[in-house]
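One letter stands for each residue in the lines below.
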2 protein chains.
Amino acid sequence: MIDLSFAEENYLKAIYHLSSAGQNQVNTNAIAERLETKPASVSDMIRKLSEKGVISYVKYQGVNITEDGKKKALWVIRKHRLWEVFLVEKLNFHWDEVHDIAEQLEHIRSSLLISRLDEFLGYPKFDPHGDPIPDAEGIISSKPRMILSGLNVKSKVKLVSLKDTGNAFLNYLDRIGMKIGSRIRILDIIEFDGSVEIEIDNRKRLTISKRVADNLLVVAD
Amino acid sequence: MIDLSFAEENYLKAIYHLSSAGQNQVNTNAIAERLETKPASVSDMIRKLSEKGVISYVKYQGVNITEDGKKKALWVIRKHRLWEVFLVEKLNFHWDEVHDIAEQLEHIRSSLLISRLDEFLGYPKFDPHGDPIPDAEGIISSKPRMILSGLNVKSKVKLVSLKDTGNAFLNYLDRIGMKIGSRIRILDIIEFDGSVEIEIDNRKRLTISKRVADNLLVVAD
DNA sequence: GGCGATTTTTAGATTCGCCTAAATTGTCTT
DNA sequence: AAGACAATTTAGGCGAATCTAAAAATCGCC
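Treat the numbers as computed from the prediction; the structure is a model and nothing was measured. (Residues numbered from 1 in each chain as written. Chains lettered and ligands numbered in written order. Predicted model: local features only at pLDDT ≥ 70, side-chain atom pairs only at ≥ 80, totals over all residues. Heavy atoms only, no water.)

Trainee: Any chance you could explain the overall build of chain A here in plain terms?
Mentor: Scanning chain A from terminus to terminus reveals eight helices and eight strands. Along the first, second and third principal axes, the C-alpha atoms of chain A reach 55 × 40 × 30 Å. Counting every atom, chain A has about 11800 Å² of accessible surface; 49% of that belongs to carbon and sulfur. Of note, chain A has its 32 positive side-chain charges centred 3 Å away from the centre of its 32 negative side-chain charges. (Helix = DSSP H or I, 4+ residues; strand = E, 2+ residues; numbered from the N terminus. Areas by Shrake-Rupley, 256 points an atom, 1.4 Å probe, with all protein chains shown as cover. Lys, Arg positive; Asp, Glu negative; His and termini not counted. Charge placed at Lys NZ, Arg CZ, Asp CG, Glu CD.)

Spelled out as structure tokens, the structure:
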């Protein structure tokens, strides 16, 4: 059970994300685009990863991640998200500043380090973007996330993540007093433009545009 | 001012340590031995590092680190030692467990991360082994370390580091109540076998063997 | 001061991760 | 159903970092 290289871990992570966010069959170009590399490089790496048993693939027909591959990907994701919590909670980074650093830290090899870090952080269940943190066995025990704009009137949900993490959007959310963890009740949906009337934390009522609602990821509450 | 690769950073660090622990001229074999690599690989890397201006060298005549190289080496050392403090102080690692992990963490690229970490740790001046932590400018402001067995009677010193970090030695120190930071007064030195009578923290008196005294690094107090 | 031993460098190969260019396979449109 | 076009793979090459084997330079001993 030899370790994967940094590059291999990054490919595997990309394949995991693509396959869990869409169909099972992940295609070469999608991986290349996600990793900002060339399809030819992806083909090369796919061969190596499949020799190592973390993905299975048939030429010209895309990639499937294996159970072993999924476990390894989730281990990297666990490390990434725990480090993000550390950076935000302990080192006072803002949640939109931590990705690049966590992208490096996720490759540090030491399972003892990660279990100690987990303990130090108080066993967090979500990272600062609202994404769930897999446990040491790679199990994600959390509700599926949904996009607010896809829900029905009267839904009661909790904000767990954002799709857009640009400053303009973050500032807007600050201004209306909405943050990760906020309870949201959907009061009405305007058919004309898709804007949504909501109540935040049982206190504040306001209307948000469809554009905003498209970028709010929530779980049933 | 392009970043050095991980391997380049490791070579530079080794060269720095060798040149500050001995003569200026560092020879190829010494570097190879320290990095557990082959002299041929070292020759190759030396060429590259000197092209980048971090060392200067004349063929067959060893290596000198430049000012720029020293600065870069000290930056890596600063990161290494701060991470060691983090691992011991925050994650409850024992000081003899942290080296391999810090060896990985020292290559993480983000000066903001390091300044935040420094702040989080309360601007420590020494790592868990007693080695001084360079500041952000690469300046080490701390007294030179000495070996206890080389001092005279009546010296008053502070324990800052150990040469032997094996478990047997650490257990012994625990047992006699000596730890990094302990104040030590030298009461007498037995000529016959070089053992040393000391007083620890103005409380406890005992005699330690020369062998033990050889492994205690102290600074004037 | 010369010669054998040691140190250092060079030469040539390998693996990894990437690239470009070209060939191949698959899909879609008409 | 046959091209045209898109996706994918192969071929060949490159730089980084390593190695072994061999050549070159230096050191040190007599």
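Trainee: Help me out: how do you make sense of helix 7 (residues 167-176) of chain B in this one?
Mentor: Along an α-helix, a turn takes 3.6 residues, which lines up residues three or four apart on a common side. Residue and element names in this part refer to chain B. Looking only at helix 7, the buried set comprises Phe169, Leu170, Leu173 and Ile176. In a view along the axis of helix 7, the buried residues occupy a sector of 135°, so they form one face of it. Structural note: helix 7 exposes Ala168, Asp174 and Arg175 on the side pointing more than 90 degrees away from its buried face. On the buried face of helix 7, the contacting elements are strand 4 (156-162), strand 6 (196-200), strand 7 (204-208), helix 8 (210-213) and strand 8 (216-220). Two residues or fewer past helix 7, Gly177 is found with a positive phi of approximately 75°. (Buried < 20%, exposed > 50% of the residue type's maximum accessible area, 1.4 Å probe, protein only. Arc of directions from axis to C-beta. Contact = heavy atoms within 4.5 Å.)

Trainee: For this particular structure, what's the right way to read the packing of helix 1 (residues 6-21) of chain B against helix 3 (residues 39-51) of chain B?
Mentor: Axis angle and axis distance: for two packed helices, these are the angle between their axes and the distance between the axes, and together they describe the pair. Residues and elements named next belong to chain B. At a closest axis distance of 11 Å, the pairing of helix 1 and helix 3 adopts a crossing angle of 95°. Compared by their axis directions, helix 1 and helix 3 come out roughly perpendicular. Here Ala7, Glu8, Tyr11, Leu12 and Ile15 of helix 1 lie close against helix 3, whose contacting residues are Ser41, Val42, Met45 and Leu49. Here the contact of helix 1 with helix 3 is built from residues that sort into seven nonpolar, one polar and one charged. (Axes fitted to C-alpha atoms, helices over the stretch in contact; angles between N-to-C directions. Parallel < 35°, antiparallel > 145°, perpendicular 65-115°, else oblique. Nonpolar A, V, L, I, M, F, W, Y, C, P; charged D, E, K, R; others polar.)

Trainee: Help me out: how do you make sense of the protein's contact with DNA strand D in this one?
Mentor: Contacts to DNA strand D come from 21 residues, most closely from Ser43 and Lys59 of chain A together with Ser5, Thr37 and Ser41 of chain B. The contact in question runs from a phosphate oxygen of DNA strand D to an N or O atom on the side chain of Lys59 of chain A, over 2.4 Å. Within the side chain of Thr37 of chain B, a nitrogen or oxygen atom sits 2.7 Å from a phosphate oxygen of DNA strand D. Secondary structure elements with two or more residues in the surface near DNA strand D: helix 2 (28-34) and helix 3 (39-51) of chain A together with helix 1 and helix 3 of chain B. (Near = heavy atom within 4 Å. Polar contact = N/O pair within 3.5 Å; in protein donor to acceptor, adjacent residues only side chain to side chain.)

Trainee: Just to check I follow, could you spell out the environment of Thr207 of chain A for this structure?
Mentor: Residue placement: Thr207 of chain A occurs in strand 7 (residues 204-208). The exposure class of Thr207 of chain A is partly exposed, given its relative accessible area of 46%.

Trainee: Help me out: how do you make sense of the side chain of Lys72 of chain A in this one?
Mentor: All names here are of chain A. Relative to the helices and strands, Lys72 is located in helix 4 (residues 67-89). Looking at Lys72, the relative accessible area reads 18%, which means it is buried. Excluding anything up to four places from it in sequence, Lys72 contacts Met1, Leu4, Leu12 and Val54.

Trainee: Teacher, can you tell me more about the relation of the copies chain B and chain A here?
Mentor: Here two copies of a chain appear, and what relates them is a rotation about an axis with a shift along it. Here chain B sits on chain A after a turn of 180° about the axis and a move of 0.1 Å along it, with an RMSD of 0.5 Å. Put plainly, the chains are arranged around a two-fold axis. The rotation axis passes nearest to the C-alpha of Leu105 of chain B in chain B, at a distance of 3.8 Å. Here 100% of the interface residues in chain B have copies in chain A that are interface residues too; the copies meet face to matching face. (Least-squares fit on C-alpha atoms with pLDDT ≥ 70 in both.)

Trainee: Any chance you could explain the interface of chain B and chain A here in plain terms?
Mentor: One widely used convention gives an interface's size as the accessible area the parts lose upon coming together. Contact with chain B, which involves 20 residues of that partner, is made by 20 residues of chain A. Overall, the association of chain B and chain A removes approximately 1700 Å² of surface from exposure, summing both partners, and the carbon and sulfur fraction of that is 74%. Together, Leu91, Gln104 and Arg116 of chain B form the three largest contributors to the area buried by chain B at its contact with chain A, with a combined 29%. The interface formed by chain B and chain A includes zero salt bridges. The interface formed by chain B and chain A contains six residue pairs in polar contact (both at pLDDT 80 or more). Looking at the side of chain B that touches chain A, the elements with two or more residues in it are helix 4 (67-89), helix 5 (99-105) and helix 6 (111-120) of chain B. In terms of residue count, the dominant contributor to the side of chain B that touches chain A is helix 6 of chain B (five residues). Broken down by class, the residue content of the side of chain B that touches chain A amounts to 13 nonpolar, four polar and three charged. (Buried area = accessible area lost by both parts, 1.4 Å probe. Salt bridge = Lys/Arg side-chain N within 4 Å of Asp/Glu carboxyl O.)

Trainee: Hey, could you run me through the sheet that holds strand 5 (residues 183-189) of chain A in this one?
Mentor: Where strands meet in a sheet, backbone hydrogen bonds hold them as pairs that are either parallel or antiparallel. Residue and element names in this part refer to chain A. Across the sheet, six strands lie side by side as 3-8-4-5-6-7; this open sheet has antiparallel pairing. Looking along the sheet, the strands with just one partner apiece sit at the ends: strand 3 (146-147) and strand 7. When strand 5 meets strand 6 (residues 196-200), the two strands line up antiparallel, connected through five bridges. Paired with Ile189 across the two strands is Val196, which belongs to strand 6. Contacting strand 4 (156-162), strand 6, strand 7 and strand 8 (216-220), helix 7 (residues 167-176) runs over the sheet at an angle of about 150° to strand 7. (Pairing = 2+ DSSP bridges.)

Trainee: Is there a simple way to think about the domain arrangement of chain A in this case?
Mentor: Each assigned domain of chain A is listed with its residue range as follows: domain 1 (6-65) and domain 2 (146-220). Using only C-alpha atoms to locate each centre, domain 1 of chain A and domain 2 of chain A end up separated by 34 Å. (Domains from an automatic or database assignment.)

Trainee: Looking at this structure, I do not really get the pattern of salt bridges. What am I missing?
Mentor: Pairs may arise between side chains of opposite charge once their charged atoms sit close together. The full count for this structure, using the stated rule, is 32 salt bridges over all chains. A salt bridge links Arg203 of chain A to Asp201 of chain A, with the shortest nitrogen-to-oxygen separation between them at 3.7 Å. In this structure Arg203 of chain A comes out as exposed when scored by relative accessible area, which is 58%. A salt bridge links Arg109 of chain B to Asp3 of chain B; the nearest nitrogen and oxygen atoms lie 3.9 Å apart. A residue pair is termed long-range when its members are at least 10 positions apart, and Arg109 of chain B in the loop between helix 5 and helix 6 and Asp3 of chain B in the segment before helix 1 qualify at 106 residues. Using a relative accessible area of 28% as the deciding quantity, one classes Arg109 of chain B as partly exposed. Connected through salt bridges with shared partners, the residues Asp3, Glu9 and Arg109 of chain A form a single ionic network.

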